Amino acid sequence: NAGVTQTPKFQVLKTGQSMTLQCAQDMNHEYMSWYRQDPGMGLRLIHYSVGAGITDQGEVPNGYNVSRSTTEDFPLRLLSAAPSQTSVYFCASSYLTDSNYGYTFGSGTRLTVV
Amino acid sequence: DAKTTQPPSMDCAEGRAANLPCNHSTISGNEYVYWYRQIHSQGPQYIIHGLKNNETNEMASLIITEDRKSSTLILPHATLRDTAVYYCIVSGLEYGNKLVFGAGTILRVKS
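Residues numbered from 1 in each chain as written. Chains lettered and ligands numbered in written order. Predicted model: local features only at pLDDT ≥ 70, side-chain atom pairs only at ≥ 80, totals over all residues. Heavy atoms only, no water.

(A) Structural view of the nonpolar core. The biggest cluster of nonpolar side chains holds 21 residues, and the ones touching the most others in it are B:W35, B:L73, B:Y86 and B:L107. Contributions of two or more residues to this core are made by strand 2 (18-23), strand 3 (32-38), strand 4 (45-50), strand 6 (61-64), strand 7 (70-75), strand 8 (84-91) and strand 9 (105-110) of chain B. For this core, the leading source of residues is strand 8 of chain B, giving four residues. Not counting the four nearest positions on each side in its chain, B:L107 is found in contact with B:M10, B:C12, B:A18, B:L20, B:L75, B:D82, B:T83, B:A84 and B:Y86. Core analysis: the second largest hydrophobic core is formed by 19 residues, A:L21, A:M32, A:F74 and A:L111 among them. (Core = buried A, V, L, I, M, F, W, Y, C linked by side-chain atoms within 4.5 Å. Buried < 20%, exposed > 50% of the residue type's maximum accessible area, 1.4 Å probe, protein only. Helix = DSSP H or I, 4+ residues; strand = E, 2+ residues; numbered from the N terminus. Contact = heavy atoms within 4.5 Å.)

What follows is the structure, given as structure tokens:
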């Protein structure tokens, strides 16, 4: 199993550009989420999904869109990149059960907006 | 979401047990206590979780007080590779299974 795969690993954008961060998992997890982590800070939840066709906002959703058309994929779209979106982005997935056996995180996408 | 309080940093000697405390006084009855760690700039790694009973796995033990208002993560024989930020999180299905990360505890294991 590949687990959670994020692409690209590194990206530099100019202010105002748009892009999509890809996240794919092969564990048939119902739950997927996106976090951002700024230097020296903890992770903050951007958006999450409890299944295909269902998404919801987290703590810091502004400037980002998501969709969940399949169980496997949960792309994160930056609509118009701003320097404040410079961060490391992590995707995570898990089973949606009472006992939550833990999230599996991807290795991250390091995004710089200039 | 119930909030957690953790010390910002701790030191531990290599080979000794590392005991990381966490306070979660507002935890509700159906919320679990989760522990994750993040080594350098990698993605967080799940360690262990529990509801009310103590738990043990190959990585660590989790001790939850009887009133569930606090817990302790125990790494029985800390190694240099255990140096990381450790996050204590409470969550339940009523919050859509999402995890909200705080600042965590920086554990430094020293030789």
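(B) Structural detail: the sheet that holds strand 2 of chain B. Residues and elements named next belong to chain B. The four strands are arranged 2-7-6-5 in an open sheet whose pairing can be described as antiparallel. Both edges of this open sheet fall to strand 2 and strand 5 (55-56), since each of them pairs with a single strand only. Bridge count between strand 5 and strand 6: two bridges; the pairing is antiparallel. Counted as the bridge partner of E55 is L62 from strand 6. (Pairing = 2+ DSSP bridges.)

(C) Structural context of the packing of aromatic side chains. Per the stated rule, a full pass over the model turns up 13 aromatic pairs over all chains. Aromatic side chains A:Y103 and A:F105 sit 6.1 Å apart centroid to centroid with 40 degrees between the ring planes, which places their arrangement in the tilted category. Judged by its relative accessible area of 3%, A:Y103 falls in the buried class. Exposure remark for A:F105: the relative accessible area of 10% places this residue in the buried category. Among the aromatic side chains, those forming a connected cluster through ring pairs are A:Y31, A:Y35, A:Y48, A:Y103, A:F105, B:Y36, B:Y46, B:Y87 and B:F101. Its end group placed over the ring of A:F74, A:R68 keeps NZ or CZ at 6.0 Å from the ring centre. (Phe/Tyr/Trp six-rings, centres within 6.5 Å; stacked < 30°, edge-to-face > 60°. Lys NZ or Arg CZ within 6 Å of the ring centre and 35° of its normal.)

(D) Up close: the pattern of salt bridges. All names here are of chain B. On inspection of all chains with the given rule, the structure shows five salt bridges over all chains. Residue D82 pairs with R37 through a salt bridge whose shortest N-O separation is 2.8 Å. Here D82 is found in the loop between strand 7 and strand 8, whereas its partner R37 is found in strand 3, with 45 residues between them in sequence. Like D82, the residue R37 is buried in the burial classification. (Salt bridge = Lys/Arg side-chain N within 4 Å of Asp/Glu carboxyl O.)

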